[in-house]
Amino acid sequence: MQAHEVVRHNNGVPQFVVLSLVDVTDRRRAEDDLVRRAFTDPLTGLPNRRALTDRLRHAVALSRRRGLQVGLVHLNLDRFRAVNDTLGHEAGDMLLSQVADRLRWSTRVEDTAVRLGADEFLVVAEDVEDLEGLRALAERLLSVLDEPFVVLDREITLSASVGLTLGSDLTPDDLLRQAQSALNRAKVDGSRARVEVHEGALSDSDVDALQLEVDLRHALDNDELRLFYQPIVHLADESLLGYEALIRWQHPTRGLLPPGAFLDAAENNRLTSKLGAWVLRRACHDAATWPDDLRVHVNVSARHLAEDGFSELVAAALEESGLAPERLELEITESTALFAAEATLHSVAVVTDQGVTLALDDFGTGYSAITALHRLPIHTLKIDRSFVADVVAEPATAALVQGLLQLGRGMGLQVIAEGIEDLDQAAWLLDHGCAMAQGYAFGRPAPLPSPAAVLIGEVTDTPAEDVAGALLPDALETPIVPQQRSADVDPPRRVVLATDDTGKFGLFDEFAEDPED
């Protein structure tokens with residue numbers, strides 16, 4: 001209403017009112033649009049930096065009243081400039097819009113995804129209890145970004161570096177500075193796909209875990225990783241069939257670490273693929289030195305299997321080592337087989353076409369064993385140790401294992417029982433048709449003896465375990481030596497490493513008549 005006027009009778013009594021109205025709908029819409037534009041990123045539709053200030057101030061005040069904390073997840077896309085340079089800025093804008101959509105869909109109702117500018121995004125997470133909750137949110141966002149993007153009919157794979165911070169008694173500006181500082185550390189030296197946490201948000205245990213993650217990034221460069229091998233044997237005569245390769249970390253100050261002590265750190269730093277590639281290449285090189293009838297089993301993570309270039313990595317490892325493809329078996333979990341994406345199915349098809357075989361690990365413990373068997377070309381089933389442990393004492397477990405064995409045989413698959421620790425378990429499995437086995441009863445994971453140790457053991461008729469055992473920790477059991485020996489063994493020979501009259505080194509069958517010669 002712009003104005004009004006009262007019209008009266010001659011006696012002064014009001015007769016009617018004249019109103020002057022103006023339609024301001026368009027003006028209000030324009031004002032609302034100006035406000036929206038001021039607080040919204042025009043490309044992605046996400047709140048912008050200006051809106052972030054108000055949103056963060058509200059979140060901090062609310063967290064103080066509730067006794068919880070505010071978490072910030074600061075993301076920066078890795079190598080985004082290469083997309084602009086290769087496909088143009090239009091493609092880059094389309095990619096940023098898709099990233100924004102995924103962040104918007106992947107956050108909780110109470111969280112806010114913000115575009116700070118260029119290829120930087122930030123998620124304000126309210127009501128965060130601890131750092132683990134914030135890490136879980138960051139991992140979920142990164143896993144969403146792992147899926148390929150399609151821009152202008154081109155498939156693009158992205159990664160992101162992340163800085164995390166957590167607090168309730170800080171100003172919004174302080175929280176933003178901490179998140180930016182953590183992100184800067186994540187991208188130091190041009191690194192990619194790293195997650196860093198602001199140190200002020202960490203407890204003592206968090207600081208220790210963070211240091212472990214930092215150390216792990218240097219473990220490959222410093223040659224600190226090791227492969228241990230656990231033998232796989234034929235149950236009937238305990239003859240050696242192959243080995244499973246198991247990673248260990250010889251930490252410079254913490255000693256020898258099993259995978260359970262550092263695989264979470266690898267996952268937090270997106271290092272599982274790098275570790276997997278190292279294990280695959282090293283295992284193939286080691287196995288190439290064994291007798292031709294021995295196979296090597298290598299565990300593969302779901303993330304690594306789905307990555308571009310996995311099948312090429314397998315082919316390169318086989319070619320570099322000279323290992324025959326049929327001597328390599330890749331082990332995957334049941335959940336990996338059940339929920340495999342198209343990229344995973346394609347990688348598996350390529351490597352199995354080369355002659356590499358596939359084993360289903362921890363069989364029977366996952367979601368749907370039968371479904372998993374139909375999705376991929378499985379060659380071997382590995383019955384989980386949790387079943388084997390109770391196979392003698394628990395009739396229900398024994399019936400289940402017997403059913404798994406029959407299922408494997410009925411489908412024409414090889415079956416390996418894991419975790420056999422005593423002869424009673426081995427005898428039961430053998431009686432019920434299990435052909436292959438693995439477990440402490442046949443050998444603990446340990447480094448293989450060197451080829452030189454095996455050679456000396458052969459020529460001296462001394463078990464290679466005795467030759468190499470002194471080099472191993474007492475707690476480790478030397479695995480079965482990968483050498484076949486006939487039943488008719490020649491008598492031990494007296495040998496010496498010496499030079500002949502030409503100056504060449506060699507092993508001589510006996511001493512000369514004069515010992516000094």
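A.B. asks: If you had to explain the overall build of the chain to someone new, which residues and values would you point to?
C.D. replies: Tallying secondary structure elements over the chain gives 19 helices and 20 strands in all. Scored against the burial criterion, the 517 residues of the chain give a buried share of 44%. Only carbon and sulfur atoms are counted for the fraction: they give 51% of the accessible area of the chain, which is about 27,100 Å².

A.B. asks: Please set out the environment of Ser347 residue by residue, giving values where relevant.
C.D. replies: Mapped onto the elements, Ser347 comes out in helix H13 (residues 342-353). For the pair Ser347 and Val314, spaced 33 residues apart in sequence, the C-alpha to C-alpha distance is 9.9 Å. Apart from the residues lying within four places of it in its own chain, the contact partners of Ser347 are Leu305, Glu307, Phe310 and Ser311.

A.B. asks: Quick one: what's the story with the side chain of Asp111, residue by residue and with numbers?
C.D. replies: Here Asp111 shows up in the loop between helix H4 (89-106) and strand E4 (112-117). The buried category is assigned to Asp111, whose relative accessible area is 7%. There is a polar contact of 2.8 Å between the side chain of Asp111 and the side chain of Arg108. Within the structure, Asp111 has its side chain in polar contact with the backbone nitrogen of Glu126 (distance 3.3 Å). Asp111 has contacts with Val123, Val124, Ala125, Glu126 and Leu137, leaving out every residue within four places of it along the chain.

A.B. asks: Any chance you could break down a nonpolar patch on the surface for me, citing the residues and the numbers?
C.D. replies: Taken together, Val6, Val17, Leu19 and Leu21 make up a surface patch of nonpolar side chains, about 370 Å² in accessible area. Looking at where Leu19 falls in the secondary structure, it is placed in strand E2 (residues 14-20).

A.B. asks: Give a detailed account of helix H17 (residues 423-431), specifying residues and quantitative values.
C.D. replies: Along H17, the residues classified as buried are Gln425, Ala426, Trp428 and Leu429. The buried side chains of H17 occupy one side of the element, clustering within an arc of 165° when seen end-on. Across H17 from its buried face, at more than 90 degrees, point the exposed residues Leu423, Asp424 and Asp431. Contact partners of the buried residues in H17: helix H15 (385-388), helix H16 (395-410) and strand E17 (414-417). Two or three places before Asp424, at the start of H17, stands the capping residue Asp422, its side-chain oxygen 3.1 Å from that residue's backbone nitrogen.

A.B. asks: Lay out helix H11 (residues 310-321) in plain terms, naming residues and giving numbers.
C.D. replies: Compared with an ideal rise of 1.5 Å per residue, which puts twelve residues at 16 Å, H11 spans 17 Å between its outermost C-alpha atoms and is within 8% of the ideal. Inspection of H11 places Phe310, Ser311, Leu313, Val314, Ala317, Leu318 and Ser321 among the buried residues, and these make up the whole buried set. Each buried residue of H11 sits inside an arc of 160° when the element is viewed along its axis, so together they form one side. Along H11, the residues that are exposed and aim more than 90 degrees away from the buried face are Glu312 and Glu319.

A.B. asks: Tell me about the pairing of strand E5 (residues 120-128), and name the residues and values.
C.D. replies: Of all nine residues making up E5, seven are buried, and the element is well covered by its neighbours. Sheet topology note: the strand E3 (residues 69-77)/E5 ladder contains seven bridges and is antiparallel. Its bridge partner being in E5, Leu72 is matched across the sheet by Val124. Bridging between E4 and E5 involves five bridges; their strand directions are antiparallel. Note that in E5 the partner of Thr112 across the bridge is Val124.

A.B. asks: Just give me the short version of the packing of helix H9 (residues 272-287) against H11, but keep the residues and values in it.
C.D. replies: Where H9 contacts H11, the two axes come as close as 8 Å, and the packing angle between them is 30°. Taken together, the axes of H9 and H11 lie roughly parallel to each other. For the crossing formed where H9 meets H11, the hand is right-handed. Between H9, through Ala277, Leu280, Arg281, Cys284 and His285, and H11, the contact on the second element is made entirely by Leu313, Val314, Ala316, Ala317, Leu318, Glu320 and Ser321. Across the contact of H9 with H11, the residue classes tally to eight nonpolar, two polar and two charged.

A.B. asks: Describe in detail the sheet that holds strand E9 (residues 195-197), supporting the description with residues and values.
C.D. replies: Adjacent strands of a sheet pair through backbone hydrogen bonds, lying either parallel or antiparallel. The mixed open sheet is built from five strands, whose spatial order is E4-E5-E3-E8-E9. Each edge of the open sheet is held by one strand with a lone partner, namely E4 and E9. Across the sheet, the axes of successive neighbouring strands diverge by a mean angle of 20°, strand direction being ignored. Helix H2 (residues 49-66) contacts E3, E4 and E5 of the sheet and is inclined by roughly 20° relative to E5. Along the sheet face, H4 touches E3, E4 and E5 and points at about 5° away from the line of E5.

A.B. asks: Please give an account of the pairing of strand E8 (residues 160-167) that cites residues and values.
C.D. replies: Across the eight residues of E8, eight count as buried, placing the element largely inside the fold. Side chains of E8 alternate between two faces, with Ala160, Val162, Leu164 and Leu166 and Ser161, Gly163, Thr165 and Gly167 buried alike. One ladder, built from eight bridges, connects E3 with E8; its direction is antiparallel. Bridge pairing in E8 places Leu77 opposite Ala160. Examined bridge by bridge, E8 and E9 share three bridges and lie parallel to one another. Bridge pairing in E9 links Leu164 to Val197.

A.B. asks: Talk me through the nonpolar core; I want residue IDs and the actual numbers.
C.D. replies: Leu280, Val296, Val314, Leu328, Leu330 and Leu429 are the most contacted members of the largest nonpolar core, which has 69 residues in total. With eight residues, H9 is the single largest residue contributor to this core. Excluding anything up to four places from it in sequence, Leu330 contacts Leu280, Val298, Val300, Phe310, Val314, Val351, Val356, Thr357, Leu358 and Ala359. Residues Leu96, Val128, Leu137 and Leu158 belong to the second largest nonpolar core, which totals 34 residues.

Conventions used here
Residues numbered from 1 in each chain as written. Predicted model: local features only at pLDDT ≥ 70, side-chain atom pairs only at ≥ 80, totals over all residues. Heavy atoms only, no water. Helix = DSSP H or I, 4+ residues; strand = E, 2+ residues; numbered from the N terminus. Buried < 20%, exposed > 50% of the residue type's maximum accessible area, 1.4 Å probe, protein only. Areas by Shrake-Rupley, 256 points an atom, 1.4 Å probe, with all protein chains shown as cover. Contact = heavy atoms within 4.5 Å. Polar contact = N/O pair within 3.5 Å; in protein donor to acceptor, adjacent residues only side chain to side chain. Patch = residues over 30% accessible without salt bridge, like charges linked within 9 Å, V, L, I, M, F, W, Y side chains within 5 Å. Salt bridge = Lys/Arg side-chain N within 4 Å of Asp/Glu carboxyl O. Arc of directions from axis to C-beta. Expected span 1.5 Å × (residues − 1). Pairing = 2+ DSSP bridges. Axes fitted to C-alpha atoms, helices over the stretch in contact; angles between N-to-C directions. Parallel < 35°, antiparallel > 145°, perpendicular 65-115°, else oblique. Left-handed = near helix turned anticlockwise from the far one by under 90°. Nonpolar A, V, L, I, M, F, W, Y, C, P; charged D, E, K, R; others polar. Core = buried A, V, L, I, M, F, W, Y, C linked by side-chain atoms within 4.5 Å.

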